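# Close look at the chain arrangement
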Amino acid sequence: MSNYELVIIGGGASGMLTAIRCKQQGINSILVIEKDPVLGGALVSGDYNIFSSINKTGKEYLKELKVQFEQASINTLVNTMAISINDNMEILCTSPENGVQMIKADTIVIANGGKEKGRNAVNMPGDRVSGTYSIGTAKKILSDAKLSLGNHIVLYGVQHLDSIASVMESCGVKIDAVINPQNKAFSFAPAKDATVYNGYDLIQITGEGRITHITVKDDIESKTIPCDTLLFAHGWLADGLVAMRSNINLNPETTGPDVDQHFMTSRDHIYAVGNGICIHNSMDEIIDEVDVLANILSLNH
Amino acid sequence: MQDIIIIGGGVIGCAIARELSRYKLAITVLEAKEDVACGVSKANSGIIHAGYNESEGSLKAKLDLLGNEMYDTLAKELDFTFKRNGAMILAFNNEEKEKLQQLMENGNRLGIKGLSLLSKEEAKKEEPGLSDDIIAALNVPTSGIVNPYELTIALAENAAVNGTTFMFNSKVTGVVALDDGTYEVCVNDSTVLHAKVVINAAGLYSDKIASFLGTPKNTILPNKGQYFLFNKTLGAKITHTVFQVPTKETKGILVTPTVDGNLLVGPDSCNIEDKEDVMTNKHALLKLLTTGHKSMPGLPESAILTSFSGLRPKTDNDDFIIEEDACHKGVIHLIGIDSPGLTCAPSIALYVKDMVEESLPLQKKESFIATRTRMKAFTALSSEEKNALIKEHPAYGKIVCKCELISEGEIIDAVHRPVGATTVDGVKRRTRATLGGCQGLGCLYPVSKIIARELNIPLELLMKNGEGSNAIGFKEEN
């Protein structure tokens, strides 16, 4: 069984940066485990500004990170899914190339990022139709499959739309209507001609096979909106699956692992960082967090 | 010429096909939808009922007792999950306690084994999550649970391996009696098939099929039942299927673990007109949640994965109608197969086999294979088994559905098995991919890409379920 001083689960921005900083601080034996065939996580398709202090897209930032990562010569296992951490600090992993393996670590950092928030089962009854997608899936349909989404698109929620804005614009996608439950201001070019339902909530999805219309409601009235595609833009949640399978306490608010002021989870020697704990507003916040964590880990080292 | 045409690929049609595939017969199953288990069989409680509340002398009582007993062997042969988890019926007042006594006496008369009345303390010792408001419970040890579509798929796969032909997207639009005593079955208003025996197992549409031959039969009066499915954290808090005292419409709202480890609450009951209306309704669901809380307090809304509804193919007759057509020998109608139809599927199949024997000589087939092996569920294997499998098929090492840990290898298998999946929902029912915590939000796209590749069709032609339900995008015209 391979044995490392530090294993980082997740090779996105937080994971790569944690590896680079820890190496700089003198931790030599480091492994990064990444589920996708390439490093970068959400940065790979990030064609929008992810900083608050400067203007830099995820893709641009990934280029810089890759250079530093290669210079630091850090061990990586790509195309490998970390499933859980057992009581002996062994990480169960699976990959098409290496099969199932256990990797032992003195210290583990969970940096597995976030995932999109789903539809609330109670507040979203109706028919079980096709044509309802998350923003992430919609982006893949447009940019990877190079297919169109539909002719009458309704957006439900207005969070994290920057990730899909440029793809939608280049594909000429137009949004018919926006259901904006939070009633907060937003600007989104593909929706500039859309009817906006501020303060309305979605109460029913209807269709046979494909979605044909939705019903929305505010305090006063309910309305029916015809559509063939419904996009969920509800923002992100921390992905707590690995932590959950590893008997680490989760925070129900963030759905990520609960951490103390040293970023340690409810299990000794297991830490978490980045969007895997909770969704951060910008890359700047994550960089600050990684710096603190790297200091803590190198002092313990 | 087919010996037998079975109309309907639900659990009843598939159980009959599997039973008859033991014999030297040419059998075709015609299914209007794109897969087996797409109607009544897909969305129900999944309970293998003990049968304590059936009327003495009814077909339901007889077939339930026999069907329930057949499940242990059937589950071994066809390698599907069956748990005899036992049931409890709760009484909250003296009137209901009296009703439990009557149910027990009725059950004893029917020959149901092991029924006993439990005090509140005894019941809560067995099932600590039960409400403090109960005063007694009827203990029903022979009650069990299955996944109804897993069962139907298992029956269909085994029938197919034994030579049964399955035709999907094949809606029967006419049945005509010929002078020589055989029948023409018209499919999609175009293709005509020819058979000696026609078995009408068309569920919600069995009345329509019967009407093609002109013999008046009972009308199907669809009745909707809605459910809530909770996540596995909740599923771990209960072992028995817990009913409230039955009403005329339902066997009582139940709270049950599923064989997959989730928790299910439902069904309510509502008469409807449209046989395709499976929409869920927020008002009814919230009422259901309150009823569920009555049996088992502490079912948090945040733990709900999804809601769904299923239809009961009821008639004005309380019992199953399983009869040869009065004017057409060799045509067997199965009408009003509502609950406990799932329990009775194997016993109904035997019952229908005996009826078929009156029209056709049945000769056993030596080549009949009684067993079927389930799909390899990657997570259920040991590390050694996983490694051996990945070495042979590297796709088993690629996890696609992160919530349920379903590998690419399983999705490929679901497509290429006998009676394989052709849609996203077909893969979902065979593998559980897209059925986890995120309900497909994360994996719909990668799962769809794999299915389209394996079916060798363009992604835009892949359906979620039926025609027009394009799962992923459209090709731009022009």
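Look up a bit, the structure's there.
## Comments concerning the overall build of chain A
Scanning chain A from terminus to terminus reveals 6 helices and 17 strands. The C-alpha radius of gyration of chain A comes to 21 Å, within 12% of the 19 Å expected for a compact globule of 301 residues. C-alpha atoms of chain A, sized along the principal axes, occupy 60 × 40 × 35 Å. Residues counted as buried form 57% of the 301 residues belonging to chain A. A separation threshold of at least 6 residues defines the contact pool for chain A, and within that pool the share at least 24 residues apart is 57%. Considering chain A, the positive charge centre built from 23 side chains and the negative charge centre built from 34 side chains are found 5 Å apart.

## Comments concerning the interface of chain B and chain A
Put simply, an interface is often sized by how much accessible area is lost when its parts join up. Contact residues are listed per partner, giving 45 residues for chain B and 42 residues for chain A. Overall, the association of chain B and chain A removes approximately 3,700 Å² of surface from exposure, summing both partners, and the carbon and sulfur fraction of that is 58%. Summed over the shared surface of chain B and chain A, the result is 2 salt bridges. Between the two partners, chain B and chain A, sit 16 residue pairs in polar contact (both at pLDDT 80 or more). Of all the elements in the fold, those that place two or more residues in the side of chain B that touches chain A are helix 8 (282–295), strand 18 (304–314), helix 10 (383–392) and helix 13 (444–455) of chain B.

## Side note on the sheet that holds strand 10 (residues 175–180) of chain A
Residue and element names in this part refer to chain A. Judged by pairing direction, the sheet is parallel, and its 5 strands sit side by side in the order 8-15-9-10-11 without closing on themselves. In this open sheet, the two strands that pair with only one neighbour each are strand 8 (132–134) and strand 11 (195–198). Taken pair by pair, the neighbouring strands of this sheet meet at an average axis angle of 20°, ignoring direction. Two strands pair when backbone bridges link them, and strand 9 (residues 153–159) and strand 15 (residues 229–234) are joined in this way by 5 bridges, in the parallel orientation. Bridged to Leu155 within strand 15 is Leu231.

## A word on helix 10 of chain B
Residues of helix 10 of chain B that are buried: B:Lys386, B:Leu389 and B:Ile390. When helix 10 of chain B is viewed along its axis, its buried side chains cluster within an angular range of 100° and face the same direction. In this structure, helix 10 of chain B carries B:Glu384, B:Lys391 and B:Glu392 as exposed residues pointing more than 90 degrees from its buried face. The inward-facing, buried residues of helix 10 of chain B contact strand 5 (90–95) and strand 6 (99–110) of chain A.

## Describing the pairing of strand 12 (residues 201–208) of chain A
Residues and elements named next belong to chain A. Inspection of the sheet shows strand 12 paired to strand 13 (residues 210–217) by 7 bridges, in the antiparallel sense. Along strand 13, the bridge assignment pairs Leu202 with Val216. From the end of strand 12 to the start of strand 13, which pair antiparallel, there are 1 residue, and Gly209 there has a positive phi angle of about 80°.

## Some remarks on the packing of helix 11 (residues 408–416) of chain B against helix 12 (residues 424–431) of chain B
Residue and element names in this part refer to chain B. Across the interface, helix 11 lies against helix 12 with an axial gap of 9 Å and an inter-helix angle of 110°. Classified by the angle between their axes, helix 11 and helix 12 sit roughly perpendicular to one another. Where helix 11 crosses over helix 12, the two elements pack in a sense that is right-handed. Residues Glu410, Ile411, Ala414 and Val415 of helix 11 form the contact with helix 12, whose own contacting residues are Val427, Arg430 and Thr431. Its residues assigned to classes, the contact of helix 11 with helix 12 comprises 4 nonpolar, 1 polar and 2 charged.

## Observations concerning the packing of aromatic side chains
Residue and element names in this part refer to chain B. Across all of its chains, the model carries 8 aromatic pairs over all chains by this definition. Considering the side-chain rings of Tyr71 and Phe80, the 6.3 Å spacing of their centres and the 85° angle between planes classify their relative orientation as edge-to-face. Phe80 shares its class with Tyr71; the two are buried. Ring centres of Phe228 and Phe230 lie 6.4 Å apart, and the angle between their planes is 65°; this geometry places the pair in the edge-to-face category. Here Phe228 matches Phe230 in class, with each residue buried. Members of the aromatic cluster, each reached through a chain of ring pairs, are Tyr71, Phe80 and Phe82.

Procedures and definitions
- Residues numbered from 1 in each chain as written.
- Chains lettered and ligands numbered in written order.
- Predicted model: local features only at pLDDT ≥ 70, side-chain atom pairs only at ≥ 80, totals over all residues.
- Heavy atoms only, no water.
- Helix = DSSP H or I, 4+ residues; strand = E, 2+ residues; numbered from the N terminus.
- Rg over C-alpha atoms; globule rule 2.2 N^0.38 Å.
- Buried < 20%, exposed > 50% of the residue type's maximum accessible area, 1.4 Å probe, protein only.
- Contact = heavy atoms within 4.5 Å.
- Lys, Arg positive; Asp, Glu negative; His and termini not counted.
- Charge placed at Lys NZ, Arg CZ, Asp CG, Glu CD.
- Buried area = accessible area lost by both parts, 1.4 Å probe.
- Salt bridge = Lys/Arg side-chain N within 4 Å of Asp/Glu carboxyl O.
- Polar contact = N/O pair within 3.5 Å; in protein donor to acceptor, adjacent residues only side chain to side chain.
- Pairing = 2+ DSSP bridges.
- Axes fitted to C-alpha atoms, helices over the stretch in contact; angles between N-to-C directions.
- Arc of directions from axis to C-beta.
- Parallel < 35°, antiparallel > 145°, perpendicular 65-115°, else oblique.
- Left-handed = near helix turned anticlockwise from the far one by under 90°.
- Nonpolar A, V, L, I, M, F, W, Y, C, P; charged D, E, K, R; others polar.
- Phe/Tyr/Trp six-rings, centres within 6.5 Å; stacked < 30°, edge-to-face > 60°.

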